[in-house]
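# Structure assessment
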Amino acid sequence: MNLAVMYHYVREPEDWKGSVPISPKEFESQIDRLGKTHDFVLPDELNNKTAKPKCILTFDDATRDQYEYAFDIMRRKGVPGYFTVMSGPLAEQEVPVFHLVHAALSLVEENHLWDELRPHLTAEDLLKLRKADATYAYEKSSIRKWIKYTLNFILDAKQSKNILEHLVYSLIGSKQKFIDDMYIGVEEFRIMKQAGMTLGVHSVYHAPFDGDVQAYFTNEIAPCVQFMQEQLNIKPSWYTPPFGGGEKKELMKENLKDLLLPCGFKGAFTTERGMIEDTGSFWYKRIDCNELTELTL
Ligand SMILES: [Zn+2]
């Protein structure tokens, strides 16, 4: 059956401890294995006739490793794919908090990071950490659980961002250097476009869908569309919602389509797990690359 595979970081897990990347070697191996059973296509080619079932490789968050490793491997093998643009860091120097969390966990030793965070917590806050165990059961160390729980559930977004920005940017040198190192830049996007990759919209600030369709479109989608038109001369027709739409994804699927269609969007890729059952639908399910082995390969 047709499928879309979801990728985030493609880099050595050893070098990036904040989340779970797929190594370039494993990525290449997945492409080779997928190529035996599927034909790789761009989103626009979903309804083309192909000998084998179709596979779309999709990439979220536009981190630089995707250009350096994934795109490089794909270009070498002649494999097409769908990459997305997040315009906030490039156009406004705004970095989403979850990327700062990943960076902090990769750059700073766990105990040291916890020492930085702990003074910001009240006695009452510290009691809340008991819940961290259940929320982050997949994390091995208690300290990592506390760190993630503190940043995501105890401190408010602004507090977390302030602490992390100060820490991460001072370690890297500057905010601009962090952005240059972390994200695919306009020049690289132009090269990817030239090489035949499809570029779509991911977001501006990577905010989750909040239920206000018009405001969400105005703040998180339209400026990214404009950025792509001005900087890359692309009129995007594919969309990937941040966090797959988050908690309000059903509301998003119901209402956002009506704003996307008149702007020329043809479809969107969610984080819902599944194969592509109907190539005529608007919202497509995907399979995370870390779950491929058991399922299809
Ligand atoms: Zn994302």
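What you see is a predicted model; the values in this text were computed from it and never measured.

## A short note on the pattern of salt bridges
The tally for this structure, following the rule as stated, stands at 19 salt bridges. Residue Arg144 is joined to Glu139 by a salt bridge in which the shortest nitrogen-to-oxygen separation is 2.6 Å. The exposure classification of Arg144 matches that of Glu139, with both residues buried. Measuring nitrogen to oxygen at the nearest pair gives 3.8 Å for the salt bridge that ties Lys175 to Glu165. Of this pair, Lys175 sits in helix 10 (residues 175–182) while Glu165 sits in helix 9 (residues 157–172); the two residues are 10 residues apart in sequence, bridging distant segments of the chain.

## Concerning the coordination of the zinc ion
Coordination sphere of the zinc ion, protein contribution only: Asp61 (OD), His202 (NE2) and His206 (NE2), at 2.0 to 2.1 Å. Coordination of the zinc ion draws on donor residues from a single chain, spaced D-x140-H-x3-H in sequence. With Asp61 in the loop between strand 3 (54–59) and helix 2 (64–77) and His202 in strand 5 (residues 198–203), the pair connects residues that are 141 residues apart, well separated along the chain. Exposure remark for His202: the relative accessible area of 1% places this residue in the buried category.

## Examining the packing of helix 5 (residues 110–117) against helix 8 (residues 142–154)
When two helices pack together, their arrangement is given by the angle between the helix axes and the distance between those axes. Viewed as axis vectors pointing N to C, helix 5 and helix 8 meet at an angle of 35°, and their least axial separation amounts to 10 Å. The two elements helix 5 and helix 8 meet at a crossing, and its hand is left-handed. Mapping the contact onto sequence places Glu110, Asn111, Leu113, Trp114 and Leu117 in helix 5 and Ile143, Arg144, Trp146, Ile147, Thr150 and Leu151 in helix 8. Class assignment for the residues of the contact of helix 5 with helix 8 results in seven nonpolar, two polar and two charged.

## A closer look at the pairing of strand 3
Of all six residues making up strand 3, six are buried, and the element is well covered by its neighbours. A two-sided burial pattern is seen for strand 3, the buried positions comprising Lys54, Ile56 and Thr58 on one face and Cys55, Leu57 and Phe59 on the other. Bridge analysis of strand 1 (residues 3–7) against strand 3 gives five bridges, and the strand direction is parallel. Paired with Tyr7 across the strands is Phe59, a residue of strand 3. Pairing between strand 2 (residues 39–40) and strand 3: two bridges, direction parallel. Its bridge partner lying in strand 3, Phe40 is registered against Cys55. Where strand 3 and strand 4 (residues 82–86) come together, two bridges link them in parallel fashion. Bridge pairing in strand 4 links Phe59 to Phe83.

Reading the values: the criteria
Residues numbered from 1 in each chain as written. Predicted model: local features only at pLDDT ≥ 70, side-chain atom pairs only at ≥ 80, totals over all residues. Heavy atoms only, no water. Salt bridge = Lys/Arg side-chain N within 4 Å of Asp/Glu carboxyl O. Buried < 20%, exposed > 50% of the residue type's maximum accessible area, 1.4 Å probe, protein only. Helix = DSSP H or I, 4+ residues; strand = E, 2+ residues; numbered from the N terminus. Donors = N, O, S within 2.8 Å, 3.2 Å for Na, K, Ca; no water. Axes fitted to C-alpha atoms, helices over the stretch in contact; angles between N-to-C directions. Left-handed = near helix turned anticlockwise from the far one by under 90°. Contact = heavy atoms within 4.5 Å. Nonpolar A, V, L, I, M, F, W, Y, C, P; charged D, E, K, R; others polar. Pairing = 2+ DSSP bridges.

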